[in-house]
Amino acid sequence: MTDLNLQYPVFGPEIKCPHCRQIIEALTLTDSYLCPRHGVFEADPNTKILVHLQSGRHWRLWEEKWYRQHSHPDGIRFEIHEALDRLYTEGYRATKVIIAERYSSLISSYLEKGNSWTGDQEYKVYKLYGLPVEFSGKSNDDPCWEIVNFILEKEKGTPSRYPYFRLFE
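Report on the accompanying structure. Here the structure is a predicted model, which means the values were calculated and not measured.

### Things to note about the overall build of the protein
Scanning the protein from terminus to terminus reveals two helices and 12 strands. The order of α-helices and β-strands along the protein, N terminus first, is β-β-β-β-β-β-β-α-β-α-β-β-β-β. Burial statistics for the protein: of 169 residues in total, 38% are counted as buried. Taking as baseline every contact in the protein between residues at least 6 positions apart, the subset at least 24 positions apart corresponds to 54%. Looking at the protein as shown, the accessible area adds up to about 10,700 Å², and 50% of this sits on carbon and sulfur atoms.

### Observations regarding the pattern of salt bridges
Counted under the stated rule, the structure contains four salt bridges. In this structure, Arg77 and Asp74 form a salt bridge, with 3.0 Å as the shortest nitrogen-oxygen distance. A residue pair is termed a helical-turn pair when its members lie 3 or 4 positions apart in one helix, as Arg77 and Asp74 do in helix α1 (residues 73–89) at three residues. On the accessibility criterion, Arg77 (4% relative accessible area) is buried. Given a relative accessible area of 28%, Asp74 falls into the partly exposed group. Across the pair Glu153 and Lys96 runs a salt bridge, and its minimum N-O distance is 3.8 Å. Note that Glu153 is positioned in strand β12 (residues 150–156) and Lys96 in strand β8 (residues 92–99), a separation of 57 residues in sequence. Among the ionic contacts, a cluster of salt bridges with common partners joins Lys96, Glu134 and Glu153.

### Some details on the pairing of strand β5 (residues 49–52)
Burial along β5 is two-sided: the face carrying Ile49 and Val51 and the face carrying Leu50 and His52 are both buried. Where strand β4 (residues 39–44) and β5 come together, four bridges link them in antiparallel fashion. Each residue of the ladder has a partner; that of Ala43, found in β5, is Leu50. Here β4 hands over to β5 after four residues, with Lys48 in that stretch at a positive phi of 60 degrees. By the bridge criterion, three bridges tie β5 to strand β6 (residues 58–62) in an arrangement that is antiparallel.

### Comments concerning the state of the cysteines
Evaluated as defined, the whole model comprises zero disulfides. Take Cys17: it sits in no disulfide, and the sulfur closest to it among the cysteines is that of Cys20, at 3.7 Å. Judged by its relative accessible area of 1%, Cys17 is buried.

Scoring rules and cut-offs
Residues numbered from 1 in each chain as written. Predicted model: local features only at pLDDT ≥ 70, side-chain atom pairs only at ≥ 80, totals over all residues. Heavy atoms only, no water. Helix = DSSP H or I, 4+ residues; strand = E, 2+ residues; numbered from the N terminus. Buried < 20%, exposed > 50% of the residue type's maximum accessible area, 1.4 Å probe, protein only. Contact = heavy atoms within 4.5 Å. Areas by Shrake-Rupley, 256 points an atom, 1.4 Å probe, with all protein chains shown as cover. Salt bridge = Lys/Arg side-chain N within 4 Å of Asp/Glu carboxyl O. Pairing = 2+ DSSP bridges. Disulfide = S-S within 2.5 Å.

In structure tokens:
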């Protein structure tokens, strides 16, 4: 008897489209998924990367959520800005952005740089959209940082001023 799972790509018979989050079905006997709105996605069984064939964008799955793997600083900055907007509309404010270490060289030139509030010249404070930024750290053993792009630390309440308007300074 043939194993039915071998007829489907690495992520199974269906996935959520990374763009519209609608359930899309696999094309049997291929490594592809077809979204009626966004076209074909191809799954690489070795790297477990999903590639949108039309745009070339790469996606990876972590805990049932797709994360786009960025190759340009504007992509990750825009994604962070969208997440800040969502927090704001949900009644939260961000207190810090923790970005995956793999993006430090990509985004570092876009960060506001300053010294710590104590005046310590050795300790630099980086900010993005007015929020303190940290990187996940090279020695971080948490495997999520190989896929997840950033995490926003948050607290209940709205910002005293909406600082996130500075999208592309």
